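# Geometric and topological summary
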Amino acid sequence: MNALDWLSLALVIIGGLNWGLVGAFEFDLVAAIFGEMSLLSRIIYILVGLAALYMLYFATRVGSDDKADETRTTRK
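A brief look at the structure comes next. (Residues numbered from 1 in each chain as written. Predicted model: local features only at pLDDT ≥ 70, side-chain atom pairs only at ≥ 80, totals over all residues. Heavy atoms only, no water.)

### Some thoughts on the overall build of the protein
Of regular secondary structure, the protein possesses three helices and zero strands. Going residue by residue from the N terminus, the α and β elements of the protein occur as α-α-α. Residue burial in the protein is summarised as follows: out of 76 residues, 18% are buried. Considering only intrachain contacts with a sequence separation of at least 6, the fraction spanning at least 24 residues in the protein is 49%. (Helix = DSSP H or I, 4+ residues; strand = E, 2+ residues; numbered from the N terminus. Buried < 20%, exposed > 50% of the residue type's maximum accessible area, 1.4 Å probe, protein only. Contact = heavy atoms within 4.5 Å.)

### Topic: the side chain of Ser-41
Mapped onto the secondary structure, Ser-41 falls in helix H3 (residues 39–75). From its side chain, Ser-41 meets the backbone oxygen of Gly-35 in a polar contact 2.6 Å long. Excluding residues within four positions of it along the chain, Ser-41 makes contact with Val-30, Ala-31, Phe-34 and Gly-35. (Polar contact = N/O pair within 3.5 Å; in protein donor to acceptor, adjacent residues only side chain to side chain.)

### Observations regarding the side chain of Asn-18
Tracing the backbone through its elements, the reader meets Asn-18 in helix H1 (residues 3–25). By relative accessible area, Asn-18 is classed as buried at 8%. Looking at Asn-18, its side chain comes within polar contact range of the main-chain nitrogen of Leu-29, at 2.9 Å. When neighbours within four sequence positions are excluded, Asn-18 is seen to be in contact with Phe-27, Asp-28, Leu-29, Val-30 and Tyr-45.

### As for the nonpolar core
Ranked by size, the top nonpolar core spans five residues in total: Leu-11, Val-30, Ile-44, Val-48 and Ala-51. At three residues, the largest contribution of residues to this core is made by H3. Those residues in contact with Ile-44 that lie beyond four places of it in its chain are Val-30 and Phe-34. (Core = buried A, V, L, I, M, F, W, Y, C linked by side-chain atoms within 4.5 Å.)

Rendered as structure tokens:
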């Protein structure tokens, strides 16, 4: 995994934890730290969304790598 993979994973985890807090306790941690829909909060929300899109790509990439590895090992 490269740095972008790790960063995206961290942002998706942060976003998931934030949504868990919103759902369970009606508490938005990002808004509490950076302000309700402040510029910084919006940037964080956008980055989390972009990270989620990247994780979709990452999952398909890892999935196709696994299939390629299976094909190589079964052909031997």
